[in-house]
Amino acid sequence: MNFKALVAAGALLATQSFAIIGIGGHYAPGFGTKMTGMNEKAAVTSDGSVSLQHGGFDGTMQGFGFKLWVDLLPIIDIEATMNFQLGSYDASLYVKNLDGSEVEVPLEIELGGTPFGKATPKFVAMTGDLSITYPITSLPIIRPYIGGGLSYHLNSFVLNQKFVASVVDDATAEMIRVLAETPVDPADPNSIAIAQDKAKQLGENMKKKVQDAALDEGLTKSIGGHILVGLRAKLPIIPIAAYGNFKYYIGGDYPSEIDAGNMTVELGVGLAI
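Residues numbered from 1 in each chain as written. Predicted model: local features only at pLDDT ≥ 70, side-chain atom pairs only at ≥ 80, totals over all residues. Heavy atoms only, no water.

## Some thoughts on the overall build of the chain
Short version of the rule: Here a strand is any run of E in DSSP of at least two residues, a helix any run of H or I of at least four, and the numbering for each starts at the N terminus. Exposure classes here rest on a 1.4 Å probe applied to the protein chains alone. A residue is buried below 20% of its type maximum, exposed above 50%, and partly exposed in between. By definition, residues are in contact when any of their heavy atoms lie within 4.5 Å. Each accessible area is a Shrake-Rupley estimate made with a 1.4 Å probe; only the visible protein chains count as cover when residues are assessed.
Within the chain, the secondary structure is distributed over four helices and 14 strands. Burial statistics for the chain: of 273 residues in total, 44% are counted as buried. Considering only intrachain contacts with a sequence separation of at least 6, the fraction spanning at least 24 residues in the chain is 72%. Summed over all atoms, the accessible surface of the chain reaches about 13,700 Å², with 63% contributed by carbon and sulfur.

## Section: the sheet that holds strand β7 (residues 91-96)
How we decide: DSSP calls a pair of strands paired once it identifies at least 2 bridges connecting them.
In spatial order, the strands read β3-β4-β7-β8; together these four strands make up an open sheet with antiparallel pairing. Across the chains shown, the open sheet's two edge strands, defined by having one partner strand only, are β3 (42-43) and β8 (102-106). Where strand β4 (residues 50-54) lies against β7, five bridges are found, and the strand directions are antiparallel. Its bridge partner lying in β7, Q53 is registered against S92.

## A closer look at the nonpolar core
Which entries qualify depends on this criterion: The criterion is simple. A nonpolar core is a set of buried Ala, Val, Leu, Ile, Met, Phe, Trp, Tyr and Cys residues joined through side-chain atoms within 4.5 Å.
Residues L93, L159, F163, V164 and V210 are the most contacted members of the largest nonpolar core, which totals 38 residues. Among the elements that take part in this core, helix α4 (residues 189-217) stands out by supplying five residues, more than any other.

## Let's talk about the side chain of E79
Threshold: As used in this structure description, the phrase polar contact means that two N or O atoms lie within 3.5 Å; if the pair is within protein, one of them must be able to donate a hydrogen and the other to accept it, and residues adjacent in sequence are counted only when both atoms belong to side chains.
Its place among the elements puts E79 in strand β6 (residues 77-88). Side chain to side chain, E79 and Y145 meet in a polar contact 3.0 Å long. Here E79 is in contact with K67, L68, W69, D129, L130, S131, Y145, L228, R232 and N245, once residues within four sequence places are set aside.

## Here's the deal with unusual backbone geometry
Among all residues save glycine, negative phi is the norm, and among peptide bonds the norm is trans. The phi dihedral of I141 is positive, around 70 degrees, even though this residue is not glycine. Here I141 is to be found in the loop between β9 (122-135) and β10 (142-155).

## Details of the pattern of salt bridges
Inclusion rule: Each reported salt bridge corresponds to a side-chain nitrogen of Lys or Arg within 4 Å of a carboxyl oxygen of Asp or Glu.
Evaluation of the coordinates by the stated rule reveals eleven salt bridges. Residue E79 pairs with R232 through a salt bridge whose shortest N-O separation is 3.2 Å. Of the two residues, E79 sits in strand β6 while R232 sits in strand β11 (residues 220-234), which places them 153 residues apart along the sequence. Comparing E79 with R232 shows no difference in burial state: the two are buried. A single network of salt bridges, built from pairs that share partners, joins K67, D71, D77, E79, D129, R143, R232, K247 and E266.

This is how it looks when you write it as structure tokens:
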């Protein structure tokens, strides 16, 4: 068999192992991000009759993303990535009744500018990355690379005391009037039940105001950077590639309750042509 033909065939296979352009989807968890919860209830009305408490999260933010890459340029490659990550937490309003008891109103909100509907409150981080990478092209099938670039961060707010107080404090006078018109006789269970129902109804009205304000709140936008190491793998001829990246982010604005871990892993597959 002709040795030169073998070399040429091997070179052709190695060349076909990589694509000019690719597009894929991936799993994109974020590591190390923590959100501080409230240890105690905090008043959100001037008379203290309505309070808020929210939890936190610690560890991995679940996420997913999409990637477009171009291998056409000499020496360097280009990647464009969009990742969506979220961490869930519980939050509730507590409305005091005339008898001193409290009615809990769990909060569900919808965040404007995110692809998630009304649900348990979430901290949502969306990040767009434009990366320039330097590949190692001497290997067939696999292509390791290192690189970095710019990151555009869009982060949601946290449902905290300051935000809720700005929404529900206008209802304080109404709440006082409603509860004042609800006599409570400690010896009459029916009287207590009526007062509790009115407090719950008022809490639901406040919940609606919080939901409307959350939908209008929008996202905080900021610019930062990132560095990355990664690997793409593609068999000859077959137009499917697998990839994995590790990214470390630098910069970006976050709410005070968020301690960003700044680390993301991307594991995905895509069409490579």
